[in-house]
2 protein chains.
Amino acid sequence: MERPGENDPMQTINNHDKVSGTTFLVHDLSGSLLPELEEQGTMRRNDYYIPVSCEEKAADFGNTKDGGVSKYSKYDSIPLNSLKSDEAASGPKQGPTFQDGQRRVDYVLTYHVQKPQSVRRKTSRFADYRILRSLRRSLSTMRSGGTPPSKEDPEIAAHKHRLDYHEDDKRFRQTEFEDNLREVGLELEKDEGNKIPGIGFLKIHAPWNVLCREAEFMKLKMPTKKVYEVKQGSNVVERINLFIHKVTAPLHPKVEPNRPQNVKHLSHPFSREKQHLFDLSDRASFFDSKTRASIVYEVLKRTRCTKAKYTMGITSLLGNGVYTAAYPLHDGDVDGMGAEANDRKILYEEWASYSVFYKYQPIGLIRKYFGEKIGLYFAWLGVYTQMLIPAAIVGVIVFLYGCATVDNDIPSMEICDPRNNITMCPLCDRACSYWKLKTACGTARASHLFDNPATVFFSIFMALWATMFMEHWKRRQMRLNYIWDLTGFEEEEDHHRAEYEIQVMQKTLKKQDMSPKDKKVKLTCTDRAPAYMMGLFIMLFMIGVTFAVVFGVILYRISIRAALHMSSNPTARSNIRATVKGTAAVINLVIIIIMDEVYGAVARWLTLLEVPKTDKSFEERLIIKTFVLKFANAFSPIVYLAFFRGSKIKKLIRRRKSDMDSQQQEDYNMTLERHEKDHFLGPFVGLSPEYMEMIIQFGMVTLFVASFPLAPLFALLNNIIEIRLDAKKFVTEVRRPIAARAKDIGIWYNLLRGLSKVAVIVNAFVISFTSDFIPRLVYQYMYSPDGSMHGFVNHTLSYFNVSDFQPGTAPVQPMHLGYEVQICRYKDYRETLWSNTPYDLSKEFWAILACRLAFVIVFQNVVMLMSDFVDWLIPDIPKDISLQIHKEKILMVELFMKEEEGKKLLRDNHTNQSPFQPRSRPASHTPSKF
Amino acid sequence: MERPGENDPMQTINNHDKVSGTTFLVHDLSGSLLPELEEQGTMRRNDYYIPVSCEEKAADFGNTKDGGVSKYSKYDSIPLNSLKSDEAASGPKQGPTFQDGQRRVDYVLTYHVQKPQSVRRKTSRFADYRILRSLRRSLSTMRSGGTPPSKEDPEIAAHKHRLDYHEDDKRFRQTEFEDNLREVGLELEKDEGNKIPGIGFLKIHAPWNVLCREAEFMKLKMPTKKVYEVKQGSNVVERINLFIHKVTAPLHPKVEPNRPQNVKHLSHPFSREKQHLFDLSDRASFFDSKTRASIVYEVLKRTRCTKAKYTMGITSLLGNGVYTAAYPLHDGDVDGMGAEANDRKILYEEWASYSVFYKYQPIGLIRKYFGEKIGLYFAWLGVYTQMLIPAAIVGVIVFLYGCATVDNDIPSMEICDPRNNITMCPLCDRACSYWKLKTACGTARASHLFDNPATVFFSIFMALWATMFMEHWKRRQMRLNYIWDLTGFEEEEDHHRAEYEIQVMQKTLKKQDMSPKDKKVKLTCTDRAPAYMMGLFIMLFMIGVTFAVVFGVILYRISIRAALHMSSNPTARSNIRATVKGTAAVINLVIIIIMDEVYGAVARWLTLLEVPKTDKSFEERLIIKTFVLKFANAFSPIVYLAFFRGSKIKKLIRRRKSDMDSQQQEDYNMTLERHEKDHFLGPFVGLSPEYMEMIIQFGMVTLFVASFPLAPLFALLNNIIEIRLDAKKFVTEVRRPIAARAKDIGIWYNLLRGLSKVAVIVNAFVISFTSDFIPRLVYQYMYSPDGSMHGFVNHTLSYFNVSDFQPGTAPVQPMHLGYEVQICRYKDYRETLWSNTPYDLSKEFWAILACRLAFVIVFQNVVMLMSDFVDWLIPDIPKDISLQIHKEKILMVELFMKEEEGKKLLRDNHTNQSPFQPRSRPASHTPSKF
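Residues numbered from 1 in each chain as written. Chains lettered and ligands numbered in written order. Predicted model: local features only at pLDDT ≥ 70, side-chain atom pairs only at ≥ 80, totals over all residues. Heavy atoms only, no water.

S.K.: Any chance you could explain the overall build of chain A here in plain terms?
M.R.: Along its length, chain A carries 35 helices and ten strands. Per-residue burial for chain A yields a buried fraction of 51% across its 930 residues. For chain A, the proportion of contacts with a sequence separation of at least 24, taken over those separated by at least 6, is 78%. (Helix = DSSP H or I, 4+ residues; strand = E, 2+ residues; numbered from the N terminus. Buried < 20%, exposed > 50% of the residue type's maximum accessible area, 1.4 Å probe, protein only. Contact = heavy atoms within 4.5 Å.)

S.K.: I would appreciate a short explanation of the packing of helix 17 (residues 372–405) of chain A against helix 29 (residues 688–703) of chain A in the present structure.
M.R.: When two helices pack together, their arrangement is given by the angle between the helix axes and the distance between those axes. All names here are of chain A. For the pair helix 17 and helix 29, interaxial distance at closest approach is 12 Å and the crossing angle is 20 degrees. With respect to their mutual orientation, helix 17 and helix 29 come out roughly parallel. In this structure, helix 17 meets helix 29 at a crossing whose hand is left-handed. Contact residues: helix 17 offers Leu-376, Tyr-377, Trp-380, Leu-381, Tyr-384 and Leu-388, while helix 29 offers Glu-690, Tyr-691, Met-694, Ile-695, Gln-697, Phe-698 and Val-701. Broken down by class, the residue content of the contact of helix 17 with helix 29 amounts to eleven nonpolar, one polar and one charged. (Axes fitted to C-alpha atoms, helices over the stretch in contact; angles between N-to-C directions. Parallel < 35°, antiparallel > 145°, perpendicular 65-115°, else oblique. Left-handed = near helix turned anticlockwise from the far one by under 90°. Nonpolar A, V, L, I, M, F, W, Y, C, P; charged D, E, K, R; others polar.)

S.K.: Help me out: how do you make sense of helix 19 (residues 441–450) of chain A in this one?
M.R.: The α-helix winds at 3.6 residues per turn, so residues separated by three or four positions along the chain end up facing the same way. Residue and element names in this part refer to chain A. Along helix 19, the residues that are buried comprise Cys-441, Ala-444, His-448 and Leu-449. For helix 19, the angular spread of buried residues about the axis comes to 150 degrees, placing them on one side. Of the surrounding elements, those touching the buried residues of helix 19 are helix 17 and helix 18 (410–416). (Arc of directions from axis to C-beta.)

S.K.: What is the right way to look at the packing of aromatic side chains in this model?
M.R.: Geometrically, a pair of aromatic rings is defined through the distance of the ring centres and the angle of the planes. Residue and element names in this part refer to chain A. Throughout the structure, instances matching the rule amount to 82 aromatic pairs over all chains. Each ring, one from Phe-869 and one from Trp-872, has its centre 6.0 Å from the other, and the planes form 35 degrees; the classification is tilted. Taken together, the residues span about one helical turn, with Phe-869 and Trp-872 both in helix 34 (residues 843–873) at a distance of three residues. Since its relative accessible area comes to 47%, Phe-869 is described here as partly exposed. Just above the ring of Tyr-369 sits the side chain of Arg-736; from NZ or CZ to the centre is 3.8 Å. (Phe/Tyr/Trp six-rings, centres within 6.5 Å; stacked < 30°, edge-to-face > 60°. Lys NZ or Arg CZ within 6 Å of the ring centre and 35° of its normal.)

S.K.: Quick question: what am I supposed to make of a nonpolar patch on the surface here?
M.R.: Where nonpolar side chains cluster on the molecular surface, the patch consists of Val-236, Ile-240, Phe-243, Ile-244 and Val-247 of chain A and spans about 500 Å² of accessible area. Inspection of the secondary structure puts Ile-244 of chain A in helix 11 (residues 235–247). (Patch = residues over 30% accessible without salt bridge, like charges linked within 9 Å, V, L, I, M, F, W, Y side chains within 5 Å. Areas by Shrake-Rupley, 256 points an atom, 1.4 Å probe, with all protein chains shown as cover. Salt bridge = Lys/Arg side-chain N within 4 Å of Asp/Glu carboxyl O.)

S.K.: Can you help me understand the environment of Tyr-779 of chain A in this one?
M.R.: All names here are of chain A. Tracing the backbone through its elements, the reader meets Tyr-779 in helix 32 (residues 773–783). The exposure class assigned to Tyr-779 is buried, which follows from its relative accessible area of 4%. In sequence terms Tyr-779 and Thr-614 are 165 residues apart; their C-alpha atoms lie 59 Å from each other. Discounting chain neighbours no more than four positions away, the residues touching Tyr-779 are Ser-784, Pro-785, Ser-788, Met-789, His-790, Gly-791, Phe-792 and His-795.

S.K.: Please explain the environment of Leu-716 of chain B as it appears in this structure.
M.R.: Residues and elements named next belong to chain B. Take Leu-716: it is sitting in helix 30 (residues 711–733). The buried category is assigned to Leu-716, whose relative accessible area is 11%. Taking the C-alpha atoms as reference points, Leu-716 and Val-105, separated by 611 residues in sequence, lie 41 Å from one another. For Leu-716, the contacting residues outside a window of four places in its chain are Thr-385, Leu-388, Ile-389 and Ala-392.

S.K.: What am I meant to see in the state of the cysteines here?
M.R.: Residue and element names in this part refer to chain A. The full count for this structure, using the stated rule, is four disulfides over all chains. The residue that forms a disulfide with Cys-416 is Cys-441, at a sulfur-sulfur distance of 1.9 Å. Residues Cys-416 and Cys-441 are joined through a disulfide that is right-handed, its torsion about the S-S bond being 95 degrees. Here the residue Cys-416 occupies a position in helix 18, and Cys-441 occupies one in helix 19, the gap between them amounting to 25 residues. (Disulfide = S-S within 2.5 Å.)

S.K.: Can you help me understand the pattern of salt bridges in this one?
M.R.: Opposite charge on two side chains permits pairing when their charged atoms draw close. Residues and elements named next belong to chain A. All told, the structure shown has 61 salt bridges over all chains when counted by the stated rule. When the shortest N-O distance is used, the salt bridge between Arg-213 and Glu-214 registers 3.2 Å. Across the salt bridge formed by Asp-343 and Lys-368, the nearest N and O atoms sit 2.9 Å from each other. Of this pair, Asp-343 sits in helix 15 (residues 343–350) while Lys-368 sits in helix 16 (residues 363–370), and the two are 25 residues apart along the sequence. On the basis of relative accessible area, Asp-343 is assigned to the buried category, the value being 13%. The partly exposed category is assigned to Lys-368, whose relative accessible area is 29%. The structure contains a network of salt bridges with shared partners spanning Glu-471, Lys-474, Asp-871 and Asp-876.

S.K.: How do you make sense of the sheet that holds strand 2 (residues 187–191) of chain A when you look at a structure like this?
M.R.: Two pairing modes exist for strands in a sheet, parallel and antiparallel, and in both the strands are linked by backbone hydrogen bonds. Residues and elements named next belong to chain A. Pairing in this open sheet of four strands is antiparallel, and the strands run 2-3-1-6 from one edge to the other. On the outer flanks of this sheet lie strand 2 and strand 6 (325–327), each paired with one strand and no other. Neighbour-to-neighbour, the strand axes of the sheet open up by a mean angle of 20 degrees, direction not taken into account. As defined by bridge partners, strand 1 (residues 107–112) adjoins strand 6 across three bridges and the pair is classed as antiparallel. Among the inter-strand pairings, Val-108 is bridged to a residue of strand 6, identified as Tyr-327. (Pairing = 2+ DSSP bridges.)

S.K.: Help me out: how do you make sense of the packing of helix 20 (residues 453–483) of chain A against helix 34 of chain A in this one?
M.R.: All names here are of chain A. Closest axis-to-axis distance for the helix 20/helix 34 pair is 10 Å, and the angle between their directions is 25 degrees. Classified by the interaxial angle, the pair formed by helix 20 and helix 34 is roughly parallel. In this structure, helix 20 crosses over helix 34, and the sense of that crossing is right-handed. Between helix 20 and helix 34, the residues in contact are Val-456, Ser-459, Ile-460, Ala-463, Leu-464, Thr-467, Met-468, Glu-471 and Lys-474 and Phe-855, Phe-859, Val-863, Met-866, Ser-867, Val-870 and Asp-871, respectively. Residue composition of the contact of helix 20 with helix 34, by class: ten nonpolar, three polar and three charged.

S.K.: Mind showing me how you'd approach the sheet that holds strand 3 (residues 199–205) of chain B here?
M.R.: Residues and elements named next belong to chain B. As summarised here, the arrangement of the four strands in space is 2-3-1-6, forming an open sheet in which the pairing is antiparallel. Two strands lie at the open edges of the sheet, namely strand 2 (187–191) and strand 6 (325–327), each paired on one side alone. Strand after strand, the sheet turns through a mean of 20 degrees between neighbouring axes, direction not considered. Pairing of strand 1 (residues 107–112) with strand 3 involves six bridges; the strand directions are antiparallel. Across the sheet, Val-108 pairs through a bridge with Lys-203, a residue of strand 3.

The following block contains the structure:
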């Protein structure tokens, strides 16, 4: 055991800081209402290594009902033994511990403590602190198998009678659950007298034997002592890799293993029977904090609480409010001068900071701290952002190509040519008048920027890019699987959700009325059918609403434009376009932001109605619904505001807000223990919002790339910020998530695939129907007299005889252009005036339509074929990784073979009895060294 | 040990049979040249339980060089101890054994024995039998670690000097390899003096400890003692299943577990440390024969033969001719009155017989006998055949719908209507003349059978059917994986191919010249690039050849038709169509059959050039090449001969041939031992030919379903025969394959997927471009004056002015119809004669083209979407199976938990020392009962 950090000057300063911090806070909150606390603080200001509020931090209440005072004094007499925060600080790897400064807190559950609510509401702050004081007085240390309390603090007891049955029930369940936890070997410590009134903390520690047992059950792959050399392909490849690594050195984050590892520990699922394989010399660090937490969580999920009729553990209890929160603890503080070096701090400095935006992410460390699932998210985000770089470059080139060729584009030259004196028909009934084609010169030139042959190339490029991205990610994922020892890991079915259990229970009860046999009951499709139907209808309705909104905005634009056209105000008329577009955009933005929230809520509600069995299934169903709704919403106004949508804005607002009250918070935080600090952080709500945002962005980039080649550039810029924003959120703003193992990004990959498939079709249609690409080609090869584009503009325009205006549709100001118009032109392929059937669709129209459709078919199938080919060409598993995996297997067999031989030798020496009888079991005391 | 089957009357008869059989054969082959043999046979004819030619069957040569005579007499003196075949017969589960009648033959290697080739060629049969006799005289029993021979039979020694270095080398390698095999624990027995001259047999037996060790390494899942109840969904589902099972009872094959199992053994990867989990009471049957064989094969593959510079085992040795064949033995005989009951016999009777064509296949038994890979093939074939039933029914209905509506079809009515007196333009230059449209009446009516709206429905149906089939198969596969305990099984990378090793060695040698460092060398893309390029070019060339052939056949048809048209022979002219089609079909058939063989050879050669690393990779590359080539070949004449193609024919020929000489063979067979009998069977060459045939058929069924709705019916009929044909082949005609574990059907599934994707596009084009479906719709909704089909025929015909015939193209007999023609009609959408641009493509043409293309797009995307939806809707893992798998995992954890508790109790009783120290390792002597 290490001594409290008395010879660590840094630590001393840190403690000093905390002292003044606390004092300030106490003054601020309660004035001089807590004299003894302040007195203690002052008194101890000189012996630095004793923390200011040790009795607060290290308080260990058995139970509120416990006879507290005696234990308090008992505890107070051995203050040095409970200097927990110092204890933790001295061993930075240790993290927060129990009272004894030895046992690590691996997990924390919080629950409501009975507090005098009715009194509180009436009385002022004073009462709050009185209760707090009395609670503090009833400090007690409870270790294990706590017997029911006998003595009670009278002040608290007075309120206890108001406990209703519900609260009692909760308490019973808690007690049973905790007893069960102790039974399976976990060690518990309660803390109800902390500075956060009404919240009790249950700190959980998993001792070594529990860790070992559970690691074996969970088949956790752990590094063995056996080390082998990792070869990165051939000699040349290796040298190139090394060179690249040297060149990109400044881009690597400054975390420990910042160069390619040449050796790797052979991993093997942990097994106590094979524990000689593992390096157990340092038991404290063999299982790191995230592993310990996930082991405890596994036990918590599994432990039953039968009294409460719920079969499964913590999820039910959380769902029913028996516990209010469950979270593992962060490793330490991220800032403050004296914060010890810990993984969280390194992550904060080398990852969750804008100043390192150009660097690679320390994926290994992220995984080490947050687990594989979150590690994969950031790895994915990194790959996506990296892949956006070439796309952005090509996009910019395509855009520049458009800019460069705008002056050589014959059709726009023709439109802008003043000699081409074409009179166009009015664009709307009555209000609009005839206009000259050359006034559309600017628009024609601008549209050339986004609509030129390079766009077609770019669409194909982006379809292949999407495939390459997916392939690249699959390979990266496989590589990470190998590095993180996830090969061979199979995802197990999750535990049931509390809601599901309740539904099943209800169904069981109903069934039992009819047939007394106690059959295993589960929810079938029949039970869920109403929810499914409802879900379907509401989804369709919501999508209908989305389209209605789009339609409404279009109607708004038309009506406003007409109104402005007819307005007598000349300034209004001159700014028609800007006004209409501007207001429509704002309306759209507002509606999108509102609908986004509504859809999120609707999706969640619909998913709850379906009562999915497991968390995974819940998540998947929710994601699909949210995706469909939000996608329809996001794309309803097509490209509008693509990259400046609501959620970003929301994030910035949240950030601002959190900055605002951070100063106050910080000082208060100083006085808190780790589990209390973490309690104030937001709960971790899963990665779905982050993924969803990125997937929708991916959709934007791939789906409408034909309309806007700069999309990848904007996405890239956005993501560079996004990574750090998300990083900050995970490191500093939310409680530490439970490390979940995951081999892949799950359903998100399917969504990506789906999107990139749809993108091909959408791009085909966008190119062939919204651009002039096909008509131009058709004109050039079928109609052009000299094979050039000259005359194309004329070819696209049909004739209209002004005498054919239907009554009431002719322009009010026919003399707008200064002369009388007999025949005007409009953009369409119609029969000429002198044909038998004027204004009918012309042969050219059908020919061009056929060509457009043919283009769609060719484009779709060629791009799909190419994508499939790329998919097939690039192996999903990088070659070196598959070699390494193979090598690992061989090494493992060799290892066991050697062990085998060792055993055989031993056996031969001992006896000659028939081998492999149970009696002559391989003796693994054999110190087999490899 | 069981006594020789003396009290088994069946056995007695059997032996008697064998006796006469042998005697007959001896007479037949050698007259009275083998007096001592015959004498023995006669002598023993009365003591039935002693086999006739025990010294032949049980002969165990150490080596040809061995001093044989003494051993022979020694052996002869203990005949009762070596009555091996009786031994095996008495325990039907035992199968063939070593000399001692105890140890099972798990595997057999064959090799060339030095035989006096030059003498043999010159001398007659007499010499052969002299050698045989002398060989027989040198009988010897060699057990293990055979020392080099010292004494030699002079007759054989005379020929030994002619051994070249090559043969010597082979012998050395053999010796080393066999020594290595003995080292790892296998037991060997040689048999070189058998009735098959020039062939030596190395019989391999794996003793119990080797089996256990290897099973542990191979992570073979074996059934534990723990049994649990399998629930087939809810109560209702279970009852329905039971009912279905009762109804279909006659369809189930009569093999042992012919009803759904209600209990299942929990399986766990075999581990000697956990052997108390397994029921090892009957060691002889714990590992069944296919498992034993695959274990031995695993050892053979792994065992190195370093002297020969090849790193890897049996594959290299087989590739280099050190051994000529390697195979496990069949369980026993399939026919003959007295053949013992064995799995092979049951399979022969209940599966490989046409009389049971209507029954389900005994998949469980197939898997038990042949292993998972072959089991999966037949399961897949069964699922495919089953799925063809609904497709065939719908196809027939569609066809009948066509038949029923042919009289109501307005366009064909119009064509057949004598009042519609339309004169058509000639179909060819000069030779053909004008004709009346109504002569095409028959064709029009016939084409309606295959081209009606129901066809479109059927195409969509079949696209969805293909998806359903794939889904159904995935589920079935998953179910089999569960039943066969393959869940969690990961396919390991195979051992390297001998050819690959040789190439690597050559490269290593080359490299070593340059740099002395002994780096690990492998073949890179650079090494393979020439092969790839060559492969690509040859493939393209071959596909070109295919198309050239098609083109040639078309040319042939045109020229023959023209020639016949101009022929003066009236009978020739009247049968033009039949003659042309008939001869073209025959030519096509011949070419297809020839090309099929050529392509098979080319694909194999190209794959060899590429030097793939492993057998799996070799197989995949070969399959892709063969598939591409054969597919192009098979479809070049589109639907022609679809279901009566070469390979079938080939099979029947082969079958006939094998029937022919079977009688002779059978009698000879009687005298042979199991390993000798199996030697005469064909080698197992993999499942590729079988799969390939079925996949091409699947392609036929799905790709051209729009042209021929009866395709599924024919496929179904074909497959019912195919299953039994393949079954017969595997059971009786080839050596027993090595049981390979496989979770899925591998690359074939991808090919199926690819085909069903392509099928959608092909069907879209077939419907929209080769049928009148779209033109009819367009006419009905765009042009028809009354919305009916009346006038459609007229609408599709354009006008031609006979004065516009180019010189030399007008018909020679313009008055053929009896009147002079001014204007004739032809089927096309062209501008009318009185338009500005006569004979130009008309607006209708473009409109219909646009509609056709639009149909393609809609069809393709709708069907793809529906397929994806079906794919998504049907879970890949059946619900009950995923529940069972989950349950199994929980049971497994519970099992270990109990074990854990037992250990803890023990430990607590013994000592209080810190748990999980190596010293206090869980004592698994604990008889933990579950």
